Structure formats: structure tokens, C-alpha cells
Amino acid sequence: MEAAPIITFDNVGVSFGEERIYDRLSFNVRRGEFVCILGPSGCGKSTSLRMIGGLLDVGSGRVTVDGRDPHEAWPEIAFVFQSPRLVPWRTALDNVMLGTELRFGSGDRERRRSRATDLLHLVGLAADARKYPSMLSGGERQRVAIARALAVDPKIVLMDEPFSALDPNMRGRMRGEMERIWLETGKTVVFVTHDIDEALQLADRTVVLSNKPTRVLEIIELKTPRPRTPGDPALDTQRQKLAKLFRSLEQPAMQQENAP
Ligand SMILES: Nc1ncnc2c1ncn2[C@@H]1O[C@H](COP(=O)(O)OP(=O)(O)OP(=O)(O)O)[C@@H](O)[C@H]1O
Ligand SMILES: [Mg+2]
């Protein structure tokens, strides 16, 4: 039986000034699911995450998170952004602890420290707890950001192109790490990406969005067993489908750019 939805987007609309980004966007995310959102630049992917996180008001329609309005459900949510946004003068361990400190206050330090240590272990950084951000690689810093997000024990983790600033090698490794972390924690993850291979490795379902005014072009279900190997031939059909959808989305933009 399918798990119940934990996030619902029901005919959601959002505009900035005169510009309508979308007016009837609908999709949902099931509890414990890994959903990727794939779509062209500017179609409103980050905007959707901000509405789920209660950082931006919904213009029309309705967003629910864990059965509530996003403004009430924010304690269930943590964000991971494209850049890790670590505090440079705090060690990796203290950066992870900062997540809980900001949300729950500075009490119960020992318990928070022990949890932060466990999470650094989970993301493969047990030996690096005392390093400062400047002493860590880009991928390692992003792992600290993931541990910091998990430290508040959210039900939902919203990730906005978290690996796009890393070099291709590190990006590939982080995908594998992320798959493992998700399998171990069972969190619901909504993961924005531009990268078809990332969606193929990580997603249970991928929501493909169109150019503006944005609508859901297709929702692609991926049932290939995990852990998945990059380039797995079992994913070829979906890879081709996604590549074709993406090519069709790029054409209008290219035509505009090439217009006299
Ligand atoms: N605060 C704002 N004021 C005005 N326009 C905005 C604001 N935030 C976003 N937009 C516009 O809304 C659209 C969607 O922005 P958003 O950041 O959600 O896109 P995106 O799909 O995440 O793009 P990218 O892949 O480039 O990150 C864009 O056209 C952007 O210019
Ligand atoms: Mg964005």
C-alpha cells in the first residue's frame, strides 16, 4: 500500500509583481519518499521549496505539510542549500550543534554534542569533527550541512541543488552517500536538481516541471532497487525519457536566445 502524502501541493499559484510563475501546480510527496524536482532554470523550484518550508506565502491554492499549514509545520522541516553556509569560526562538530542550538536553545549540551557526533559519523566525517570549514573539501562541507539539517530530527529535508557546486567526481560520490543516508534515516526528502543522473540514482519519483507558466509535465516513477549504480541499464528507459523531456524544454529558451 502507498504511504499517505506528507506534502501536498493543490492547485498552487504564485506571482512576483506582474510575473506569474505558476497558477495551478499540483503534486504530492509521500511519507518517507525521495522525490526529485527537475525543471528548467527559473521555473519555480526554489520557490516551491520556500513555500513548503513556510518561508514564502502561498499565493493561491493550498500547500499542506504533515496535515498542517506550512507556517505551523516548519519545525518538521530542515533545509540544505547549494552552498553549505557554515560558520567559519566553528568546528564541524560545533556547526552541527548550531542547528539544534538555534532551534532548541543552548541547554542539554552533552546530549546535543553526542547527537552531533553520531551524525558526523553517519555522514562519514567522524574523524573530522574538530576541523574548521576552511580545512574541509567542498563535499565534506556539504556533508556537515546535511548533518546539521538532520540534527533537529526533521521529518522532511528540503534540498536545493545541494551538490551542483561540487566537481563531477565529488558530485557522484555525494549521490551515493545521500542514497545511503536516506536509506539509514528514512526521512522524507524533496531534492531539487538540474541533473538527470542525480534524479535517476536518488528518486522514488521525479516531478518534471515545464517552462513558465510552470506546470507538471510528467511524474516519473523509479522502482529500480537500491543501492543503485550510476549508469545502471535498468534505468535506461527512464534516462531516455527524461533526456527527451529536457531537450524539449531547452528548445524554446535556445530559440529566444538565438533570435535576432
Ligand atoms: N523575491 C522575488 N522577487 C521577484 N521575482 C522572484 C523572486 N523570487 C523568485 N523570483 C522569480 O521567480 C522565478 C522562479 O524562481 P526560482 O528561484 O524558484 O527558480 P528555480 O526554478 O529555482 O531556478 P534555478 O534552477 O535557476 O535555481 C524566477 O523567474 C525568478 O526570477
Ligand atoms: Mg533554484
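Quick caveat, the model's predicted, so the values are computed rather than measured.

Outline the overall build of the chain, listing residues and values.
A count of helices and strands for the chain gives 8 helices and 9 strands. In terms of its C-alpha atoms, the chain occupies a principal-axis envelope of roughly 60 × 50 × 40 Å. Relative to its full complement of 260 residues, the chain shows a buried share of 35%. Nonlocal contacts in the chain, meaning residues at least 24 apart in sequence, comprise 70% of its contacts between residues at least 6 apart.

Quick rundown of the sheet that holds strand E3 (residues 34-38)? Include the residues and the values.
Overall, mixed pairing links the 6 strands, which are arranged E5-E6-E7-E3-E8-E9 in an open sheet. The sheet is open, and its two edges are formed by strand E5 (77-80) and strand E9 (216-221), each paired on a single side. Geometrically, the sheet is characterised by an average inter-axis angle of 15 degrees between neighbouring strands, direction not taken into account. Relative to strand E7 (residues 188-193), E3 runs parallel, the two sharing 5 bridges. For leucine 38, the partnering residue across the bridge sits in E7 and is threonine 193.

Any details on the nonpolar core? Residues and values, ideally.
Val96, Leu120, Ala147, Leu158 and Val190 are the most contacted members of the largest nonpolar core, which totals 65 residues. Beyond its immediate stretch of four places on either side in the chain, leucine 158 contacts Leu49, Ile52, Gly53, Ile77, Phe79 and Val190.

Let's hear about the environment of serine 106: which residues, and what values?
With respect to the helices and strands, the residue serine 106 is situated in the loop between helix H3 (92-104) and helix H4 (109-122). Separated by 98 residues in sequence, serine 106 and aspartate 204 have C-alpha atoms that sit 37 Å apart.

Can you tell me about the environment of isoleucine 220, naming the residues and giving the values?
Tracing the chain through its elements places isoleucine 220 in strand E9. C-alpha of isoleucine 220 to C-alpha of proline 154: the two residues are 66 residues apart in sequence and 26 Å apart in space. In this view, isoleucine 220 contacts Arg205, Thr206, Val208, Gln238, Lys241 and Leu242; residues no more than four positions away in its chain are not counted.

About the thresholds
Along each chain, residues carry numbers from 1 onward, in the same order as the chain's sequence is written. To read the labels, note that chains go from A and ligands from 1, taken in the order they are written. Only residues with pLDDT of at least 70 are given local features in this predicted model, and only at 80 or more are side-chain atom pairs given and counted; all residues enter the totals for whole chains, interfaces and linings. A run of DSSP states H or I qualifies as a helix once it reaches four residues; a run of E qualifies as a strand once it reaches two. Both are numbered from the N-terminal end. Here the C-beta atoms are placed from the backbone, and a residue counts as buried if at least 20 other C-beta atoms lie within 10 Å of its own, exposed if 12 or fewer do, and partly exposed otherwise. By definition, residue pairs are in contact when their C-beta atoms, positioned from the backbone, come within 7 Å. Strands are treated as partners if at least two bridges between them are detected by DSSP. Lines fitted to C-alpha atoms define the axes, with helix axes restricted to the stretch in contact, and inter-axis angles between N-to-C directions lie between 0 and 180 degrees. We call a set of buried Ala, Val, Leu, Ile, Met, Phe, Trp, Tyr and Cys residues a nonpolar core when their C-beta atoms link them within 7 Å.

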